[in-house]
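Take a look at the letters that make up each chain.
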Amino acid sequence: MGGKGGMLALLALAPIIGIVVVVVVLFTIITGAGDDDQAAAATCGAAGTVSGTAVSVQKGTLPAKVGPYSGDQVKNAAAIISIGKERGLTRHAQQTALMAAMTESTLNNLSGGDRDSAGLFQMRPSMGWGTLAQVTDIDYAINLFYERLVKVPGWDSMAPGEAAQAVEGSAFPDAYATKSAYAVEMLNALSGVTVSTISQTTEGATCTAGASAGAASGGVGNTALAPGEQKATGPHADKINQVIGFAKEQLGEDYVLGGAGPNVWDCSGLTKVAYAQIGINIDAGHSATTQWRNGVARGQMHPLSEAQPGDLIFWGGNDAWHVGISLGGDMMIAAPKPGDVVKIQKVWGTPNDQVWRPVDGL
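Residues numbered from 1 in each chain as written. Predicted model: local features only at pLDDT ≥ 70, side-chain atom pairs only at ≥ 80, totals over all residues. Heavy atoms only, no water.

A short note on the pattern of salt bridges
Okay, so step 1: Following the criterion strictly, the structure yields 9 salt bridges and no others.
Okay, so step 2: Across the salt bridge formed by D72 and K75, the nearest N and O atoms sit 3.8 Å from each other. Residue D72 and its partner K75 are located together in helix α2 (residues 72-86), separated by 3 residues, close to a single helical turn.
Okay, so step 3: We note a salt bridge from D340 to K337, for which the minimum N-O separation is 3.0 Å.
Okay, so step 4: Residue classification places D340 among the buried residues on the basis of a relative accessible area of 12%.
Okay, so step 5: Several salt bridges share partner residues, and in doing so they unite K337, D340 and K343 into one network. (Salt bridge = Lys/Arg side-chain N within 4 Å of Asp/Glu carboxyl O. Helix = DSSP H or I, 4+ residues; strand = E, 2+ residues; numbered from the N terminus. Buried < 20%, exposed > 50% of the residue type's maximum accessible area, 1.4 Å probe, protein only.)

Okay, structure coming up:
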């Protein structure tokens, strides 16, 4: 970020003066996970801790080495590409993000850097990019980079290096372009690989400190019944209250396509993170379509007419494009659409004739 000349200079001089850069790896790798793998479900550490991101390989095989990059560097590159695809962004955007991370951190999730810079993109907490725990959480950092990128006027017509500089504001603006060939090589090498990431910081996408701390720490968040809402019953009522309580804590927060917290959400991001609070991974990626198909595959579907609080309601058939959390009866909580906010509303239109009850798996 701005004023990070010292960090780039240090990396450039390292081979000459023999400086060994110690890289602190801040995420847990979970391999071989499928849609039913609960190991990828997010957990929350102590407030303010840096506990990284769970990374799960969902499709394909990660190569041992791509160009000069290997191991965790390749995994981080795969996360950048996969999140870009989940957000519906082009190869141009993915190349831009790869070039930025290659330049800033050599694709390592660094615990520090020039002044207070940290993480894959060397984001600075003092410059408003988030807390240290957030900028060193790769799920948070990658999503935030893309959010800032698409807000740059004309970014998609810029050269990738120019677009990266527009986001990063580096003292070495020409450095990004030198990674263009490496980024293209990485995109080609990982074209058949998909990974998922779930934040594991209390200040990242999975757990929200402050108002939502009750849900994140095993409490039930906001338990006040809204008008028309029904009370959860049955053996998993406490778990369902946790899910709904977490979702209610996000009321009024903006809808942003691809958002999965901490302050912006889309429909599947809200449902995914809400269920992560009770250890259920409903979606290894981030998609209403995937969530619907996972529910069907797990055999946990119920008639819409029997919807209970906590059930997931879908629209769009087998290619579902929207999802919300039932509050019982004809009420639900959801992140509806661009320009709107997370809110409680009546079930509208013609939803699918079945709902998913993820607590059936407990």
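Some details on the side chain of Q122
Okay, so step 1: Mapped onto the elements, Q122 comes out in the loop between α3 (91-105) and α4 (132-135).
Okay, so step 2: Here Q122 falls in the buried class, since its relative accessible area comes to 0%.
Okay, so step 3: Separated by 3.4 Å, the side chain of Q122 and the backbone oxygen of G112 make a polar contact. (Polar contact = N/O pair within 3.5 Å; in protein donor to acceptor, adjacent residues only side chain to side chain.)

Quick word on the packing of aromatic side chains
Aromatic ring pairs are reported here in terms of the distance separating the ring centres and the angle at which the planes meet.
Okay, so step 1: All told, the structure shown has 7 aromatic pairs when counted by the stated rule.
Okay, so step 2: Relative to F145, the ring of F121 has its centre 4.6 Å away and its plane inclined at 15 degrees; by these criteria the two rings are stacked. Remark: F145 occurs in helix α5 (residues 138-150) and F121 occurs in the loop between α3 and α4; sequence separation between them is 24 residues.
Okay, so step 3: F121 gets classed as buried once you look at its relative accessible area, which sits at 1%.
Okay, so step 4: Its relative accessible area of 1% is what places F145 among the buried residues.
Okay, so step 5: Geometrically, the ring pair formed by W321 and W348 is tilted, given 6.3 Å between the ring centres and 35 degrees between the ring planes. Remark: W348 occurs in the loop between β12 (343-346) and β13 (354-356) and W321 occurs in the loop between β9 (312-315) and β10 (322-326); sequence separation between them is 27 residues.
Okay, so step 6: Residue W321 is classed as exposed on the basis of its relative accessible area, which comes to 55%. (Phe/Tyr/Trp six-rings, centres within 6.5 Å; stacked < 30°, edge-to-face > 60°.)

Brief notes about the confidence of the model for the chain
Okay, so step 1: For the chain, per-residue confidence averages 79 on the pLDDT scale, and 77% of positions sit at 70 or higher.
Okay, so step 2: Across residues 5-52 the pLDDT falls below 50, and counting only partners more than four positions away or on other chains, this stretch makes 102 contacts in the model.
Okay, so step 3: Scored below 50 in pLDDT, residues 200-221 shows 75 contacts in the model against residues more than four places distant or in partner chains. (pLDDT = per-residue confidence, 0-100. Contact = heavy atoms within 4.5 Å.)

Re the nonpolar core
Okay, so step 1: Core analysis: the largest hydrophobic core is formed by 47 residues, its most contacted members being I80, F121, I142, F145, Y146, M186 and L190.
Okay, so step 2: Broken down by secondary-structure element, the contributors of at least two residues to this core are α2, α3, α5, α6 (160-168) and α7 (180-189).
Okay, so step 3: For F145, the contacting residues outside a window of four places in its chain are T96, A97, A100, F121, M123, V167 and E168.
Okay, so step 4: Counting residues in hydrophobic clusters, the runner-up holds 33 residues, among them Y275, F314, I325 and V359. (Core = buried A, V, L, I, M, F, W, Y, C linked by side-chain atoms within 4.5 Å.)

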